[in-house]
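Each chain, written out:
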Amino acid sequence: MGYDRYVAICHPLHYSRYLTKEVCNKMVGGAWLLGFFHSIGNALPLLNLNFCSNNVIKHYTCDLPPLLALSCTETLTNYIILLIFAFVLGFSSFLFGLLSYIRIISTILKIKSAKGREKAFSTCSSHLIVVGLFYLTSFVHYMKPNSDSLIDLDKVISIQYSILTPMLNPIIYSLKNKEIKSVLLKMFGKRRAIHYP
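Residues numbered from 1 in each chain as written. Predicted model: local features only at pLDDT ≥ 70, side-chain atom pairs only at ≥ 80, totals over all residues. Heavy atoms only, no water.

This next bit is on the overall build of the chain. When its secondary structure is counted, the chain shows eight helices and zero strands. Each helix (α) and strand (β) of the chain, taken in turn from the N terminus, gives the series α-α-α-α-α-α-α-α. Put simply, the chain has 197 residues, and 24% of those count as buried. Pairs at least 24 residues apart make up 57% of the contacts formed inside the chain by residues separated by at least 6 positions. When the accessible area of the chain is evaluated, it comes to approximately 13,800 Å², of which 69% is carbon and sulfur surface. (Helix = DSSP H or I, 4+ residues; strand = E, 2+ residues; numbered from the N terminus. Buried < 20%, exposed > 50% of the residue type's maximum accessible area, 1.4 Å probe, protein only. Contact = heavy atoms within 4.5 Å. Areas by Shrake-Rupley, 256 points an atom, 1.4 Å probe, with all protein chains shown as cover.)

Shown next as structure tokens:
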């Protein structure tokens, strides 16, 4: 999405040349491969771990850090692998998105007309909101210190980036649609009229 917005705003006349079906297929294939290697790279070292009688995960999901906390054996290698993958994959994709949005915003600021700037910002604002929510909560989740006092905060943060962000994604993107905006305005306008006569 970031590359799509970058090409649409920074190179609008060359959009069909830069964003071909082949390029899209390569990006999707690359994302799948990175996801596969990330999963395998973190799952295979789990085979060497032993788990004691305490098998209750104090979390909503069976994520890797809460699972490693249950192990009776040394998990330092697993944490190092997790940190390497999180840093290499997470930070590199974040950096790629950040650089593309710096370029997008600098291009938008060069647009002379206010209406043109507004239209360009509305094109990428929904994607920026979703990506910001995801990265902010996932970085806080994985980079915060491990502490029993923060377990409830950890649960809330994991709900945000694993459930709420994907759930809000279609809602945020659909708010750009004029028909949906008008239906929502009518719906909320009628509710106000009902509740506040």
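There is more to say after this.
The next subject is a nonpolar patch on the surface. Where nonpolar side chains cluster on the molecular surface, the patch consists of Leu 76, Ile 80, Ile 84, Phe 87, Val 88, Phe 91, Leu 95, Leu 98, Leu 99 and Ile 102 and spans about 910 Å² of accessible area. Topologically, Leu 76 is positioned in helix α5 (residues 76–109). (Patch = residues over 30% accessible without salt bridge, like charges linked within 9 Å, V, L, I, M, F, W, Y side chains within 5 Å. Salt bridge = Lys/Arg side-chain N within 4 Å of Asp/Glu carboxyl O.)

Let's shift gears to the layout of surface pockets. Taken as a whole, the largest pocket holds about 1,700 Å³ of empty space. As for the largest pocket, its lining consists of 49 residues, of which Leu 89, Ser 93, Phe 94, Phe 134 and Tyr 135 are closest to the centre. Contributions of two or more residues to the lining of the largest pocket are made by α1 (2–10), α3 (21–43), α5, α6 (114–143) and α7 (151–174). Looking at the lining of the largest pocket element by element, the count peaks at 14 residues for α5. (1 Å grid on protein atoms, 1.4 Å probe; cavity = no way out; pocket = protein on both sides within 12 Å on 5 of 7 lines; lining within 4 Å. Points joined across faces, edges and corners; volume = space filled by probe spheres on them.)

This part takes up the nonpolar core. Tyr 6, Val 7, Ile 9, Cys 10, Tyr 101, Ile 104, Ile 108, Ala 120 and Cys 124 form the largest nonpolar core, which has nine residues in total. Elements with a contribution of two residues or more to this core: α1, α5 and α6. In contact with Tyr 6, not counting residues within four places along its chain, are His 11, Ser 100, Arg 103 and Ile 104. (Core = buried A, V, L, I, M, F, W, Y, C linked by side-chain atoms within 4.5 Å.)

Glancing now at the side chain of Asp 4. One can find Asp 4 in helix α1. Excluding residues that lie within four positions of it along the chain, Asp 4 makes contacts with Tyr 15 and Leu 19.

This model, assessed by the stated rule, comprises four aromatic pairs. When the centroid spacing of 5.2 Å and the interplanar angle of 5 degrees are considered together, the rings of Phe 87 and Phe 91 count as stacked. Placement of the pair is Phe 87 and Phe 91 together in helix α5, with a separation of four residues, close to one helical turn. According to the relative accessible area criterion, Phe 91 is partly exposed, its value standing at 34%. (Phe/Tyr/Trp six-rings, centres within 6.5 Å; stacked < 30°, edge-to-face > 60°.)

Bringing the side chain of Thr 75 into the picture now. Structurally, the position occupied by Thr 75 is in the loop between α4 (64–69) and α5. Residue class for Thr 75 comes out buried when judged on its relative accessible area of 12%. Those residues within four positions of Thr 75 in sequence are excluded, and the remaining contacts are Leu 49 and Leu 68.

With that settled, the discussion passes to the packing of α3 against α5. The geometry of α3 relative to α5 is characterised by a closest axis approach of 9 Å and an angle of 165 degrees between their N-to-C directions. Regarding the angle of α3 to α5, the classification is roughly antiparallel. With respect to the hand of their crossing, α3 and α5 are arranged in left-handed fashion. The segment α3 lies against α5, with Leu 34, Phe 37, His 38, Gly 41 and Asn 42 engaging Ile 81, Leu 82, Phe 85 and Leu 89. By residue class, the composition of the contact of α3 with α5 is six nonpolar, three polar and no charged. (Axes fitted to C-alpha atoms, helices over the stretch in contact; angles between N-to-C directions. Parallel < 35°, antiparallel > 145°, perpendicular 65-115°, else oblique. Left-handed = near helix turned anticlockwise from the far one by under 90°. Nonpolar A, V, L, I, M, F, W, Y, C, P; charged D, E, K, R; others polar.)

Our focus in this paragraph is the confidence of the model for the chain. A low pLDDT means the predicted coordinates there should not be read in detail. In the predicted model, the chain carries a mean pLDDT of 79, and 89% of its residues have values of at least 70. Confidence, expressed as mean pLDDT per element, reaches its minimum in the chain at helix α8 (residues 178–195) with 67 and its maximum at α3 with 89. Low confidence marks residues 193–197, where pLDDT is under 50. Its contacts with residues over four positions away, or in another chain, come to zero contacts. (pLDDT = per-residue confidence, 0-100.)

The next subject is α5. In this model, α5 (34 residues) spans 47 Å end to end at C-alpha, consistent with the 50 Å of a helix rising 1.5 Å per residue. Those residues of α5 that sit buried are Asn 78, Leu 82, Gly 90, Ser 100, Tyr 101, Ile 104 and Ile 108. (Expected span 1.5 Å × (residues − 1).)

A surface patch of positive charge is lined by Lys 115, Lys 119, Lys 178 and Lys 181. Secondary structure elements with two or more residues in the positive patch: α6 and α8. If you trace the backbone, Lys 115 turns up in helix α6. (Lys, Arg positive; Asp, Glu negative; His and termini not counted. Charge placed at Lys NZ, Arg CZ, Asp CG, Glu CD.)

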